[in-house]
Amino acid sequence: MTGPPPPEAQDERARSEGAQDDAEVVGQSLEHPELFARLYDQYAPDIHRYVTRRLGEGPADDITADTFLTAFRVRARYDLTRTNARPWLYGIAGNLIGKQRRAEVRALKALARTGHDPVAASWVEDTDSRVAAQGPLAGALASLSAGDRHVLLLVAWAELTYVEVSEALGIPVGTVRSRLNRARRKVRSALGADPAFTLDTTEVV
């Protein structure tokens, strides 16, 4: 697996069985490993986009592949009471991103200093350019602790709910809230509380 397939290339059979939840897929994959590919088809594009925004296109290919290889290897430990595997997969991806946090911070500091950086350019999309291309935001993100930055970006970029972030990181929801509030204060302060440059971290229930 070198990168995520485009949405139109997803397995038709997986889409036709949309009523089957992720826990069932994981459970059945213990006896039929090939079924695990359904989770890859469904979630790899989102994971890849998220990692690209954090680290750039090159690392995103490897981390996306490693995320699903790791998930496959440890799938016997998956909590089958959780019908949605998305937080679990983001948690694995987050651990892999964490191993490259120095590279991420260097890229953010470079963007804050110069206003342009190759890594940052790769995760700036048209709809995000007025936010992500701003040096003050990059500097604010770089100044956050790894834990606070990870919570903020899981909510703002991956669009996970507070509960899903809790599941992904294995921390209480209260800790998610406190980290997010702390991160938002720092970002808003760095941006002068300008609404045009404030990351939307409204909770989705």
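Please refer to the structure placed before this passage.
Predicted model, so just to flag it, every value in this text is computed and none were measured.

**Q** When you look at the packing of aromatic side chains in this model, what are you seeing that I'm missing?
**A** Working definition: an aromatic ring pair is given by the centre-to-centre distance plus the angle between the planes. According to the stated counting rule, one finds 4 aromatic pairs in the structure shown. Ring geometry for F36 versus F72: centroids 5.5 Å apart, planes at 75°, classification edge-to-face. One end of the pair, F36, is in the loop between α2 (22-29) and α3 (37-55); the other, F72, is in helix α4 (residues 57-73), and 36 residues separate them in sequence. Residue classification places F72 among the partly exposed positions, given a relative accessible area of 29%. Each ring, one from Y40 and one from F68, has its centre 5.0 Å from the other, and the planes form 80°; the classification is edge-to-face. Linking Y40 in helix α3 with F68 in helix α4, this pair joins segments that are 28 residues apart in sequence.

**Q** Would you mind going over the nonpolar core with me for this structure?
**A** Within soluble globular proteins, side chains that are nonpolar generally end up buried alongside one another. Counting 51 residues, the largest nonpolar core has Y50, F68, W88, L141 and V187 as the members making the most contacts within it. When residues of this core are assigned to their parent elements, the largest contribution, 8 residues, is made by α3. Residues within four places of Y50 in sequence aside, it is in contact with Y90, I97, H150, L153, L154, W157 and A158.

**Q** Just checking my understanding: could you explain the side chain of R75 for this structure?
**A** Assignment of secondary structure puts R75 in the loop between α4 and α5 (86-98). Summary of buried charges: R75 has no salt-bridge partner, and the nearest side chain of opposite charge, E34, is 8.2 Å away. Apart from residues no more than four positions distant in its own chain, R75 is found in contact with V26, S29, L30, P33, F36 and W88.

**Q** Just to check I follow, could you spell out the packing of α2 against α3 for this structure?
**A** For any two helices packed against each other, one specifies the crossing angle of their axes together with the interaxial distance. Put simply, α2 and α3 touch, their axes get as near as 9 Å, and they point 145° apart. The segment α2 lies against α3, with D22, V25 and V26 engaging R38, L39, Q42 and Y43. Residues belonging to the contact of α2 with α3 are distributed by class as follows: 4 nonpolar, 1 polar and 2 charged.

**Q** What is the right way to read helix α12 (residues 173-190) from this model?
**A** An α-helical turn contains 3.6 residues, so a residue and the one three or four places further along point in the same direction. Here α12 contains 18 residues, and its C-alpha end-to-end distance of 26 Å stays within 8% of the 26 Å for a straight helix at 1.5 Å per residue. Taken residue by residue, α12 has V176, L180, A183 and V187 as its buried positions. Buried residues in α12, looked at end-on, bunch into an arc of 70°, giving them a common side. The outward face of α12, more than 90 degrees from its buried face, is lined by the exposed residues R185 and S189.

Here is what the cut-offs are and how they apply
Every chain is numbered on its own, with residues counted from 1 as its sequence reads. Owing to the predicted nature of the model, reporting of local features is limited to residues with pLDDT of at least 70; listing and counting of side-chain atom pairs is limited to 80 or more, with chain, interface and lining totals taken over all residues. Calculation of side-chain values draws on the structure's entire complement of heavy atoms; hydrogens and water are dropped beforehand. To pair, rings of Phe, Tyr and Trp, with the six-membered ring standing in for Trp, must have centres within 6.5 Å; the planes then decide the type, stacked if under 30 degrees apart, edge-to-face if over 60, and tilted in the middle. The secondary structure listing takes helices from DSSP runs of H or I that are at least 4 residues long and strands from runs of E that are at least 2 residues long, numbered from the N terminus. Type-normalised accessible area, obtained with a 1.4 Å probe on protein chains alone, sets the label of each residue: buried when under 20%, exposed when over 50%, and partly exposed for intermediate values. For this analysis, a nonpolar core means a set of buried residues of the types Ala, Val, Leu, Ile, Met, Phe, Trp, Tyr and Cys, connected via side-chain atoms within 4.5 Å. Working rule for contacts: check all heavy atoms of both residues, and any pair within 4.5 Å makes them a contact. When charges are tallied, Lys and Arg are placed among the positive residues and Asp and Glu among the negative ones, while His and the ends of the chain are skipped. For this document, the term salt bridge refers to a Lys or Arg side-chain nitrogen within 4 Å of an Asp or Glu carboxyl oxygen. Between the N-to-C directions of two axes lies an angle of 0 to 180 degrees, each axis being a line fitted to C-alpha atoms and, for a helix, fitted only over the stretch in contact. Under the scheme applied, nonpolar residues are Ala, Val, Leu, Ile, Met, Phe, Trp, Tyr, Cys and Pro; charged residues are Asp, Glu, Lys and Arg; polar residues are all the others, including Gly. Any helix carries an expected span of 1.5 Å times its number of residues minus one. In this context, the arc is that of the directions from the helix axis out to the C-beta atoms.

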